[in-house]
Each structure stands twice: as C-alpha cells, then as structure tokens.
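Below are the chains, spelled out letter by letter.
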Amino acid sequence: MKIAVLGGLGLQGRAAIADLVASADVEEVVCVDTAPNGAARLGGLTDLARVRFVVPEGAIAPELANVLAGVDAAIDLLPQPLMREAVQAAIATRTPLVTTNYGKTIADLDPAAEAAGVSIMTECGLDPGIDLVLYARAARQFDAITAIDSYCGGIPEPKAMAKPLCYKVSWNFDMVLMSQNRDSVLVENGKRVDVPAGQQHENRFIHEIEVAGLGRLEAFPNGDAPHYAGMLAAAKGLQRSGRYSLRWPGWSAFWAPLKELGFLSEDKVPGVGASPREFLGRLLGPQLQYGADEKDLCVMRNVFTGTQDGRRKTVTSDLVIERDLASGLFGMSLGVGYPASIVAQMLARGEITEPGLLNPLLHVPDGRFLDELARRGIRVSETIDWD
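Here the residue numbering is sequential within each chain, running from 1 through the sequence in written order. Two thresholds apply to this predicted model, a pLDDT of at least 70 for residue-level local features and 80 or more for giving and counting side-chain atom pairs, whereas whole-chain, interface and lining totals are computed over all residues. Hydrogens and water molecules were not included; the side-chain quantities draw on all heavy atoms of the structure.

K.L.:
What exactly am I supposed to notice about the overall build of the protein chain here?
P.N.:
A tally of helices and strands in the protein chain yields 13 helices and 16 strands. Its C-alpha atoms give the protein chain a radius of gyration of 21 Å, within 12% of the compact-globule value 21 Å for 387 residues. Across its three principal axes, the protein chain shows a C-alpha extent of roughly 60 × 55 × 40 Å. Throughout, exposure labels follow a simple rule: accessible area from a 1.4 Å probe, protein chains only, divided by the maximum for the residue type, with under 20% read as buried, over 50% as exposed, and the rest as partly exposed. Here the protein chain holds 387 residues, and the buried ones make up 56% of them. Considering only contacts within the protein chain whose residues lie at least 6 apart along the sequence, 69% involve residues at least 24 apart. Under the convention used here, a 1.4 Å probe and the Shrake-Rupley method define accessible areas, while residue burial counts only the protein chains that appear. Only carbon and sulfur atoms are counted for the fraction: they give 51% of the accessible area of the protein chain, which is about 16200 Å². When charges are counted, Lys and Arg contribute as positive and Asp and Glu as negative, whereas His and the chain ends are disregarded. Charge positions are represented by NZ for Lys, CZ for Arg, CG for Asp and CD for Glu. Computing the positive centroid from 37 side-chain charges and the negative centroid from 48, the protein chain places the two 2 Å apart. In this description a helix means any DSSP run of H or I spanning at least four residues, a strand means any run of E spanning at least two, and both kinds are numbered starting from the N terminus. Every radius of gyration here is taken over C-alpha atoms, with the globule rule written as 2.2 Å times N^0.38, N being the number of residues. What makes two residues a contact is simply this: any of their non-hydrogen atoms within 4.5 Å.

Right, dumping it as structure tokens:
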C-alpha cells in the first residue's frame, strides 16, 4: 500500500507516519508538508527509507490532487481551513481519505463523494474518533440506552502540572482556546439544552469525575451530545447526555472571568492587529510547553446507561494514553495519529468501501479497530454493572 499523510510533520502527522512505517503492508508513505526539513523533523523517529517528502509550492490544491492520484489512501492532518481542499482532491482522484476534523463542516460534499464512489472517513481521531467507535460497541449491549456521558481531555501528568492553569500544550494551543468559544448541546430530562460558549464555564454545567490513579478531574461541556446519540437506534429514548472536556480542577474558575472580560474574543483589537484570543495564544503557549521528561495524559471515559432484558445496566469504558518518552510522541498525538493510520489502512485494503462521507460510529468495525489499537499498546478497559 501507498498512503499519503497531508500535514505529516505536525504533532499528529509524525505519529501517523511512525505507525504507517511500522506497518508491514505499507510500501511507501508520502509526507506532504510545507516545511522543507522533513527528514530532520522525522529523524530518529522512524526509518525514512519508505518515506517520500513532498513540499508544495504555490497553490496547495493542485499539489494535493497530484499526490492523491498516486496513492491507495490518504490521511488529512492539515490545518482545519484546508480540510475542504483535501476532501475535494480525494473526490476528484477517487482516493479514500481519513480526516480527523468534523464532518458537518463539509456535509455538502457528501453527494459528490457518493457519485465518485469514494470513501471519506470523517472525525477519525481521538475525540471524536475512538469514542465514536466505543459508542457503536456499547450500543449492541443494550435494548435501550437512556444516558450517555462522554469525557475526554489532555492533561499533564501530576508532576508536570504548572500553576495556575495546571495545563501544558500537547496540541495546537490556539485550537485549545478556540474550542472554548464553541457552543455545546446537552440532553437533560429528555430535552435539548443549548449551552452557549459564554456559559460553558458556569458552575451549573460543571462537575467532577474520579479517575483511578489520578483523582478528581473537572468536566465542562464541549460538544454536541444529541448529534452523536441520534446515530444510535437504541438511544431514541435518551434522557441524559453530554460530551465533556476534562482538565485538572480549577480550569473553569480561571477562564470564566477572562471569558466574561473578552479575553477569548476573536474580534481584532483596534491598533493591535490581533484578537485577544490570538494574543493569549502567543503569550501563554510558549510558557506551557512540556519538558523532554514530562508526560501528557489523554484521559477518556464513556458511560452508557440503559436496559437489557428488562434489567438496568451501565457500561463504562476507560482509556488513558500517555506520552512515549522514547520517541517523544505525545499521548495526544498517538491518540489521533494511530486511529487515522489504522482506518487509512482499512480503506486502502478495501475493508471499508461504502462511498460518501462516513463516520467511525457507523462505518468502522469496532472489534478489528480496538484490536489494532491494543496491538499498539492503547487498551480500553470496560466494566459492566447491573442494578
């Protein structure tokens, strides 16, 4: 197989490339990135004998089409604004593609993908991604699901916490700040509850969960819960659901007043040339970097409650991914890059063939996918409790 990684020199791209090179069936990996020093950036991480570097010059769209025409599948890890061009190139060349970005932003491309007979797997990273596969797995264990609570977050290990935020950067910090300007939707008492971004850090929406070995973590809403629950036939009678980000306690107390004062605004400040959010990213990002001996932790929990055979039941899946200090790859990078690599290989082998815009919840075989994750050292634990 030949597989292209678009944006291959970023944090997640490097993890995807390392995994592809370690896969015996992958003959060549094409790394597409605007940085000219690809070999240096990947040096020591993996064997470069099967990696070919492409540095686009000028408009990126024609270059993407040229690359995709010569591969069996592709992974899109480009900045989110370039997602549409990557998907359009995949449709034009009929090349199966995996992207980690939200599918709803390119929903209008579904008819073109179907007409071209090409599979475009959206939302295939950590969150969304692994969690959606777990949704599908859990759904088969219930006659009816009444509650789904999904948690995920990247945090520093306890010894790496830096006051006052207790946070360090394992992915694009500007995107971290942007996610705090995202509206959320919950389900409470069977009814939709809209949470505007401005209210995201208010106490009534915040709670804590206990994670073995770590203690208490703070959860605040950050996602569209009914959108995903609506894909599950067993969840038609859903009474409660939320998708939450996880941080060390104190995160919301820090950001709530700053958000109220406009420090996360995306409006340009007259005479400054940047928005408050952009300024904060540039100011805080460099101060929140991990040391070479410090680990990030990706913590995920999904809790499903419902009934089976007339009995009340709860299924809880837990996952913690930590940084690999030997390679330097962050847990966040592994949690995004490995799922993208696994599914790209499934597409290249023809194991997933349905055309159009696809979603891991509906179109990724969960058993095979989770087995592949486990083979890479990422294991999901599952507990079942009956009332």
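There is more to say after this.
K.L.:
Help me out: how do you make sense of the pairing of strand S9 (residues 191-195) in this one?
P.N.:
Remember that side chains alternate between the two faces of the sheet whenever the strand is regular. With five bridges connecting them, strand S8 (residues 184-188) and S9 associate as antiparallel partners. Residue pairing in the sheet places Ser-184 in a bridge with Val-195 of S9. Strand pairing requires that DSSP identify at least two bridges connecting the strands. Here S8 folds back onto S9, and the loop between the two strands holds two residues, one of which, Asn-189, carries a positive phi near 55°.

K.L.:
Hey, could you run me through the pattern of salt bridges in this one?
P.N.:
Side chains that differ in sign of charge can pair as their charged atoms come close. Counted as salt bridges are all cases of a side-chain nitrogen of Lys or Arg within 4 Å of a carboxyl oxygen of Asp or Glu. This model, assessed by the stated rule, comprises 26 salt bridges. Measuring nitrogen to oxygen at the nearest pair gives 2.6 Å for the salt bridge that ties Arg-376 to Asp-19. Taken together, the residues span a long stretch of sequence, with Arg-376 in the loop between helix H13 (366-375) and strand S16 (381-386) and Asp-19 in helix H1 (residues 11-21) at a distance of 357 residues. The class of Arg-376 is buried, set by a relative accessible area of 17%. Overall, Asp-19 belongs to the buried group, its relative accessible area being 6%. One salt bridge in this structure joins Asp-127 and Arg-243, with 2.7 Å as the shortest N-O distance.

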